[in-house]
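One letter stands for each residue in the lines below.
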Amino acid sequence: MKSKRIEALAEFVLASDTVLDVGCDHGYLSIYLKKNHLCKNVIASDISSNALEMARQNFQKYGLDIATYVSDGFNDIPSFFDTAVIAGMGCSTILNILQNKKCPSKLIISSHNELARLRYNLNKLNFKIEKEKIIYEKGHYYSIMLCHKGYQKLNYQKRHWGLDNNQEYYLYLFNKNKELIKKVPGLKKLKLKYQNYLLKGLIEKK
Ligand SMILES: C[S@@+](CC[C@H](N)C(=O)[O-])C[C@H]1O[C@@H](n2cnc3c(N)ncnc32)[C@H](O)[C@@H]1O
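The paragraphs below set out a description of the structure included in this document.

**Focus: the environment of Ser92**
Mapped onto the elements of the fold, Ser92 is located in helix α4 (residues 91-98). Among the residues examined, Ser92 registers a relative accessible area of 36% and is labelled partly exposed. Through-space distance from the C-alpha of Ser92 to that of Glu7 is 25 Å; in sequence the pair is 85 residues apart. If we skip the residues at most four places from it in the chain, Ser92 touches Glu114 and Arg117.

**Some details on the packing of α4 against helix α5 (residues 115-124)**
Across the interface, α4 lies against α5 with an axial gap of 10 Å and an inter-helix angle of 15 degrees. When the axis of α4 is compared with that of α5, the two are roughly parallel. Once α4 is placed against α5, the crossing between them reads as right-handed. Residues Cys91, Ser92, Ile94, Leu95 and Leu98 of α4 form the contact with α5, whose own contacting residues are Arg117, Leu118, Asn121 and Leu122.

Each value, and the rule that gives it
- Residues take numbers from 1 onward in each chain, read along the sequence in its written order.
- Reporting in this predicted model follows two pLDDT cut-offs: at least 70 for local features of residues, and 80 or more for side-chain atom pairs to be given and counted; totals over whole chains, interfaces and linings ignore these cut-offs and use all residues.
- Side-chain numbers here rest on the full set of heavy atoms in the structure, without hydrogens or water.
- By the criteria applied, helices consist of DSSP H or I runs no shorter than four residues and strands consist of E runs no shorter than two, each listed in order from the N terminus.
- Burial classes follow relative accessibility: with a 1.4 Å probe on protein chains only, a residue under 20% of its type's maximum area counts as buried, one over 50% as exposed, and anything between as partly exposed.
- Residue contacts follow a heavy-atom distance rule, with two residues in contact if any of their heavy atoms lie within 4.5 Å.
- Each axis is a line fitted through C-alpha atoms, taken for helices only over the stretch in contact, and angles between the N-to-C directions span 0 to 180 degrees.
- Any angle between 65 and 115 degrees counts as roughly perpendicular, while under 35 counts as roughly parallel, over 145 as roughly antiparallel, and the rest as oblique.
- Each helix crossing is assigned a hand: it is left-handed if the near helix lies turned anticlockwise from the far helix by less than a right angle, otherwise right-handed if that turn is clockwise.

Everything listed here is a matter of coordinates, which is why it stays silent on function.
The following block contains the structure:
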């Protein structure tokens with residue numbers, strides 16, 4: 001069960017946090033937090049009762065007492081939390097979840113798509129991305145963001161490629177764009193060429 005991604009999510013959790021693990025699925029993050037005493041309390045939730053049942057069985061297996069709720073985002077969470085981890089979902093689902101009035105002021109977010117749109121909308125929802133970590137696991141890059149309520153307007157580069165200044169990630173994006181440039185027409189090609197001009201600048205800066 002050792003996972004760099006889970007460990008990176010947990011790195012942004014403080015001992016004083018009461019964490020809601022939104023979309024906990026099998027409950028691996030909740031287990032990691034609870035077993036290692038990394039926060040004050042952890043609550044696990046999922047929109048799917050089947051997923052939550054798997055989580056419950058895993059909590060039992062490890063002898064962990066973790067409250068669980070079937071809930072779409074924050075909708076049906078009766079207990080207190082001051083931190084939400086929302087990971088392994090797409091940008092649109094995450095943004096829908098954040099519309100809720102119960103949204104706490106500390107978020108740890110990891111989306112599997114549309115990172116630029118997510119960063120832009122986090123700023124629009126008055127969330128400041130304070131830290132971001134890009135990690136590579138099992139053939140994929142993952143972005144993990146620590147956000148607090150606050151004003152921020154990211155520039156083009158940070159909005160598109162994050163705050164981590166991860167050179168391997170920049171190079172991966174540069175090469176991906178290079179391949180795409182060969183295939184796409186017109187405006188899209190121009191946009192990708194512009195992005196690669198900027199990415200090259202970031203890569204050479206170090
Ligand atoms: C790919 S899993 C990610 C599990 C875990 N968070 C992780 O990062 O490893 C996505 C989970 O999110 C749940 N989910 C999707 N939409 C949700 C929503 N609106 N509210 C709560 N859970 C949701 C799914 O049922 C699924 O179990």
